[in-house]
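# Fold and geometry: a report
One-letter residues, chain by chain:
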Amino acid sequence: MSRFAEFDFFQWATFVMALLSMTLGAGIVAYLFWEGGPFIWNQGSQFLLGLDWFPGEEYGAAPMIFGSTAVTILALVFSTPLALASAIYTSEFLDPRRRLTVKGIMEILAGVPGIVYGLLGVSLLSVWVRDVFNLIDGYTLLSASFLLAIMILPTIMTLSEDAIHSTPSEHRQAASGLGLSKMEVLFSVALPHATPGIAGAILLAIGRAMGETIAVMLVIGGLDRIPEPWFDVFSSGQSIASKLGREAAETLGFGEHWSALMALALILFFLVMFLTAFGNWLIKGFRK
Amino acid sequence: MTRIQKEKLFSGTLAFLTLFACSILAFILFAVFSRGLSALSWEFISSEATDFGSKGGILYQIFGTLLLMFASISICLPIALGTALYQTEYLKSSVWKKAFKIFMASLNGMPTIVLGLAGYLFFGKFLGIGVSWLTGALILAAMILPTAHAAILEAIETLPEHYQETSISLGLKPNQRILAVVIPHSVYGIVTGALLGLARAGGETAAIMFTATAFSGVSIPQSITEPVATLQTHILVLAQEATNPTALANAWGAASVLLGIVFFLILGAKAVRSRLSWEPEQ
């Protein structure tokens, strides 16, 4: 017994480290609640549904919430078909070596820094969007969602590919033993099996898209307004994250304006956490 | 259309789309390097920026980015390793294990701009370090903690069970087990985690743009409370001057260097990880 009661340096050292990282995670969440929570509570629907944002006078978050939602949905519309097609092809039709090559390419694509996308967006994409659609300028919701579509492509592709690839080989063999072709095996066995994993991948990608700041901030136009009509993707907008990126420097830590920004951050955090948690649950639940 | 033809059409379409998806990377590389390489020269990377970055080089920006990367990984790695070891070697309660997962996930899901602002308030304001490279390094350390932690945890958890069984049957105490078995055999995971963490830290802009960096008039910081210049924020500022061709050329040059650094680290991580999976199972 005494042997196990000895002082174990590692136990204490690792415990301290573990405590540190727990406190870090918990501390930041607690801070957001402490700073942004009362603001949402006091202002309620005036904040969540308000259309105008004039620091010092009124704070309406609706344009930002709309902007984040709009660019994310559009990005998914552009990205998901491409990501799923390449996930299916990579998992079902490529030999192992090529499969790893494609996945490696996706991994590298996932590593491209947001600011590089931002630069590409400012100097190439927004110009193309302007010229192709004959607009006055190319800083639009559409440009932001194009950039986001590329940024979330690797997330959706890699995770869905994992999901499709992990279909048990007995199921595949049973299906091809019945004379089904590769495509039929895919649609009748692999895809149904992978559906929760694919859904999870898409949710994680939504979480990433909502939180992306720098690239979106550079091309979205920075206009706190819901476009008229609301589906006009060729107009400028603002997402929650780009709002934080643009305005936080003006007010670091002070007053009502800061509380309003932290309230936005809290909303963003909740959205992202919910999507991520649900997405992870879907991916894991199906692996079991 | 017969089944075979249908199948051919289907797989052909998919192949085309896959090729398209992969060519996006090629396009990005071409777009950045074809514009950046003309700006790149020894002079460009070895001289300081002048005229608010529209002329001159990016020496201090490279230094700042590297400083933030290495400072943040030095802070992060002990914490990530310690947390992973505590979780796997000491922690018994499954409730706490779950709690650890949830907290790591919430840190991972935290939008980086939010992390940067909250981190600034805590480190910069509350602890009084101000807008400085140390604040930035601490924030980045928190940001890459989940990345490094996940890679280390995976390496430890996938250790063959008989390693642990053998070490227990030899009567090794947990600390001896950590030193003799766990760390030596998960060293590839630790290296992978460190490299991926470095790559993430190097590519991050939103978390440091208000908290650690200054745009002009910055050289090598003389103390821990001074800001640095970084490649990321340099590109950010130059990108907004899209009408000035020399500024834009410098932005592409800086982007090429940044992309080069990040890709080098990611490829390194991939190489280390594949070395790990080649390790023969005994």
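Residues numbered from 1 in each chain as written. Chains lettered and ligands numbered in written order. Predicted model: local features only at pLDDT ≥ 70, side-chain atom pairs only at ≥ 80, totals over all residues.

### A closer look at the overall build of chain B
- Within chain B, the secondary structure is distributed over 11 helices and two strands.
- Counting helices and strands in the order they occur from the N terminus, chain B gives α-α-β-β-α-α-α-α-α-α-α-α-α.
- Dimensions of chain B, computed from C-alpha atoms along their principal axes, come out at roughly 70 × 70 × 35 Å.
- Within the span of chain B, comprising 282 residues, buried residues form 49% of the whole.
- For chain B, restricting intrachain contacts to residue pairs at least 6 apart in sequence, the fraction spanning at least 24 positions comes to 76%. (Helix = DSSP H or I, 4+ residues; strand = E, 2+ residues; numbered from the N terminus. Buried ≥ 20, exposed ≤ 12 C-beta atoms within 10 Å, placed from the backbone. Contact = placed C-beta atoms within 7 Å.)

### Quick word on the overall build of chain A
- In terms of regular secondary structure, chain A is built from 12 helices and two strands.
- In chain A, the succession of α and β elements from N to C terminus is α-α-α-β-β-α-α-α-α-α-α-α-α-α.
- Along the first, second and third principal axes, the C-alpha atoms of chain A reach 75 × 70 × 35 Å.

### Some details on helix α1 (residues 3–39) of chain B
- In a regular helix each residue adds 1.5 Å, so 37 residues correspond to 54 Å; α1 of chain B covers 55 Å between its end C-alpha atoms and thus fits that length.
- All of the buried residues along α1 of chain B are Leu 14, Thr 18, Ala 21, Leu 25, Val 32, Arg 35, Gly 36 and Ala 39 of chain B. (Expected span 1.5 Å × (residues − 1).)

### Quick word on the nonpolar core
- Of all hydrophobic cores here, the largest spans 186 residues; its most connected members are Leu 147, Leu 264, Ala 265 and Leu 268 of chain A together with Leu 68 and Ile 235 of chain B.
- In terms of residues, this core owes the most to one element, helix α6 (residues 133–157) of chain B, which gives 17 residues.
- In contact with Leu 264 of chain A, not counting residues within four places along its chain, are Ala 61, Met 64, Ile 240, Lys 243 and Leu 244 of chain A. (Core = buried A, V, L, I, M, F, W, Y, C linked by C-beta atoms within 7 Å.)

### Let's talk about the confidence of the model for chain B
- The pLDDT averaged across chain B works out to 87; a share of 96% of its residues lies at or above 70.
- Across the predicted assembly, pTM comes out at 0.89 and ipTM at 0.89. (pLDDT = per-residue confidence, 0-100.)

### Considerations on the environment of Val 233 of chain A
All names here are of chain A.
- Mapped onto the elements, Val 233 comes out in the loop between α10 (214–219) and α11 (240–251).
- The exposure class assigned to Val 233 is partly exposed, which follows from the 17 C-beta atoms found within 10 Å.
- Along the backbone, Val 233 and Leu 141 are 92 residues apart, and their C-alpha atoms lie at a distance of 5.3 Å.
- Every residue in contact with Val 233, bar those within four places of it in the chain, is listed here: Leu 74, Thr 140, Leu 141 and Leu 142.

### So, the interface of chain B and chain A
- With 67 residues of chain B in contact, the opposing surface of chain A contributes 70 residues.
- Top contributing element to the side of chain B that touches chain A by residue count: α1 of chain B, with 16 residues.

### Description of unusual backbone geometry
Residue and element names in this part refer to chain A.
- Here the amide bond leading from Glu 228 into Pro 229 is cis, since omega sits at -15 degrees, within 30 degrees of zero.
- Tracing the sequence through the fold places Pro 229 in the loop between α10 and α11.
- Of note in the backbone geometry, Asn 134 takes a positive phi value of approximately 55 degrees without being a glycine.
- Inspection of the secondary structure assignment puts Asn 134 in the loop between α6 (114–132) and α7 (141–165).
- A tally of 7 C-beta atoms within 10 Å means that Asn 134 is categorised as exposed.

### What about the packing of α7 of chain A against helix α9 (residues 182–211) of chain A?
Residue and element names in this part refer to chain A.
- Between α7 and α9, whose axes approach to 8 Å, the crossing angle comes to 150 degrees. In terms of orientation, α7 and α9 fall into the roughly antiparallel class. Read as a crossing pair, α7 and α9 show a hand that is right-handed. Along its contact with α7, which presents Leu 148, Ile 152, Thr 155, Ile 156, Leu 159, Ser 160, Asp 162, Ala 163 and Ile 164, the element α9 presents Ala 190, Ala 194, Gly 197, Ile 198, Gly 200, Ala 201, Ile 202, Leu 204, Ala 205, Arg 208 and Ala 209. (Axes fitted to C-alpha atoms, helices over the stretch in contact; angles between N-to-C directions. Parallel < 35°, antiparallel > 145°, perpendicular 65-115°, else oblique. Left-handed = near helix turned anticlockwise from the far one by under 90°.)

### Things to note about the packing of helix α3 (residues 59–90) of chain B against helix α10 (residues 231–239) of chain B
Residue and element names in this part refer to chain B.
- Running from amino to carboxyl end, α3 crosses α10 at an angle of 130 degrees, the nearest separation of the two axes being 7 Å. Between α3 and α10, the crossing angle belongs to the class labelled oblique. Contacts between α3 and α10 pair Gln 61, Ile 62 and Thr 65 from the former with Leu 231, Gln 232 and His 234 from the latter.
- Residue composition of the contact of α3 with α10, by class: two nonpolar, four polar and no charged. (Nonpolar A, V, L, I, M, F, W, Y, C, P; charged D, E, K, R; others polar.)

### What to know about the environment of Phe 44 of chain B
All names here are of chain B.
- Within the fold, Phe 44 resides in helix α2 (residues 42–46).
- With 20 C-beta atoms counted inside 10 Å, the residue Phe 44 sits in the buried group.
- With residues near it in sequence (within four places) discarded, Phe 44 still touches Ala 39, Gly 57, Ile 58 and Gly 253.

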